[in-house]
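Chain residues, written in single-letter form:
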Amino acid sequence: MPLVLLSIFLLSLQVKGQNLKELNSETLQKIQQSNQNRLSHSENKHAGNSPDGQFIPAVIIKTDGTKISDIALRYNIVSNTMQFKRNGTVLNIYETNKINRIIMGDRVFVYAPYNESKRIRLSYFQLLNEGKYQILKMYTVATDGTAEMPGANDYSSYEKATTYYYLRYGDGMANLIDSQKKLIKILQPVPQEVIDYIMKNNIKATNERELIDLVEFINK
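A short tour of the structure in this document, coming up. (Residues numbered from 1 in each chain as written. Predicted model: local features only at pLDDT ≥ 70, side-chain atom pairs only at ≥ 80, totals over all residues. Heavy atoms only, no water.)

### Comments concerning helix α4 (residues 192-200)
Working step 1: Residues of α4 that are buried: V194, I195 and I198. Down the axis of α4, the buried set is contained in an arc of 100 degrees. They therefore lie on one face. Projecting away from the buried face of α4 at angles above 90 degrees are the exposed residues E193 and K200.
Working step 2: In the stretch just after α4, N202 is the one whose phi turns positive, near 50 degrees. (Buried < 20%, exposed > 50% of the residue type's maximum accessible area, 1.4 Å probe, protein only. Helix = DSSP H or I, 4+ residues; strand = E, 2+ residues; numbered from the N terminus. Arc of directions from axis to C-beta.)

### A few points about the pattern of salt bridges
Working step 1: As enumerated under the stated definition, the model contains seven salt bridges in all.
Working step 2: Among the ionic pairs, E95 bridges to K98, the shortest N-O distance being 4.0 Å.
Working step 3: Classification of E95 as buried rests on a relative accessible area of 9%.
Working step 4: Relative accessible area serves as the criterion here: at 34%, K98 is assigned to the partly exposed category.
Working step 5: The salt bridge involving R209 is made with D213; its shortest N-O contact spans 2.9 Å. Taken as a pair, R209 and D213 lie in helix α5 (residues 208-219) at a separation of four residues, close to a single helical turn.
Working step 6: For D213, a relative accessible area of 31% gives the class partly exposed. (Salt bridge = Lys/Arg side-chain N within 4 Å of Asp/Glu carboxyl O.)

### Thoughts on the environment of N115
Working step 1: Counting through the fold element by element, N115 comes out in strand β6 (residues 107-116).
Working step 2: In sequence terms N115 and A174 are 59 residues apart; their C-alpha atoms lie 7.4 Å from each other.
Working step 3: The contact partners of N115, leaving out residues within four places of it in the chain, are I120, M173 and A174. (Contact = heavy atoms within 4.5 Å.)

### Here's the deal with the packing of aromatic side chains
Working step 1: A complete count under the given rule lists eight aromatic pairs for this structure.
Working step 2: When the ring of F125 is compared with that of Y166, the centres are 5.1 Å apart and the planes differ by 70 degrees; the resulting orientation is edge-to-face. Here F125, found in strand β7 (residues 119-127), pairs with Y166, found in strand β9 (residues 162-169); they are 41 residues apart in sequence, far enough to count as distant.
Working step 3: Looking at F125, the relative accessible area reads 0%, which means it is buried.
Working step 4: For Y166, a relative accessible area of 5% corresponds to the buried category.
Working step 5: Each ring, one from Y197 and one from F217, has its centre 4.4 Å from the other, and the planes form 15 degrees; the classification is stacked. Residue Y197 is located in helix α4, and its partner F217 is located in helix α5; the two are separated by 20 residues in the primary sequence. (Phe/Tyr/Trp six-rings, centres within 6.5 Å; stacked < 30°, edge-to-face > 60°.)

### Comments concerning the side chain of S123
Working step 1: With respect to the secondary-structure elements, S123 resides in strand β7.
Working step 2: Classification of S123 by relative accessible area gives buried; the value is 2%.
Working step 3: Reaching out from S123, the side chain makes a polar contact with the side chain of N80 at a distance of 3.0 Å.
Working step 4: Residues in contact with S123, not counting those within four places in the same chain, are N80, V110, Y111, A112, Y114 and M138. (Polar contact = N/O pair within 3.5 Å; in protein donor to acceptor, adjacent residues only side chain to side chain.)

### A word on the environment of N129
Working step 1: Among the structural elements, N129 can be located in the loop between β7 and β8 (133-140).
Working step 2: Overall, the relative accessible area of 6% leaves N129 in the buried class.
Working step 3: Sequence separation between N129 and V108 is 21 residues, and the spatial gap between their C-alpha atoms is 9.4 Å.
Working step 4: Once you skip the residues sitting within four places of it in the chain, N129 turns out to touch Q134, I135, I212, V215 and N219.
Working step 5: A polar contact of 3.0 Å, which involves the side chain of N129, links it to the backbone oxygen of Y133.

That is the geometry; function is a separate question.
See below:
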């Protein structure tokens, strides 16, 4: 499929999930525009000190089931964008409403809504497991003017980034897991055996392996 299709900027976003049904198309457009403004500001701020990161082969799976496999991408952690090159120019992928997931090496990324300061934002997350309940991982880096733009296969950059874990049900809202108490709250309603599992194993909000094991237990 021609790469030119990826450079068409669509500012509408279709969000799935029961807890997002109350959002109308006008609200979604405002959310998308707000995110694009934030990304543009971040990119401009770091344009002078961000090296050209490497691009690696990737597969884009669209919401209609079609795949784009003849493309190389990089995940720009600083601006939270997926980027590709066309005719020597680096472009961002903005057709997020048509993308189900992006596979880059051993990482899978999805684009999902989440709450921040009582506002709905959108972000790329690394998908850590499959199933009804999912653990999503957000990467963030300092934006004080010293952060570098990493290439998608620059693992040291991922290691330097601050990570946060989110819980998502289906294609709905991603909810930040910042404590064991919050984890139990956002899981409700769940059987008592799930709560017992969390308490017995002392599941921590920052332990990736424990969180993945928990949702695999729930998804069984």
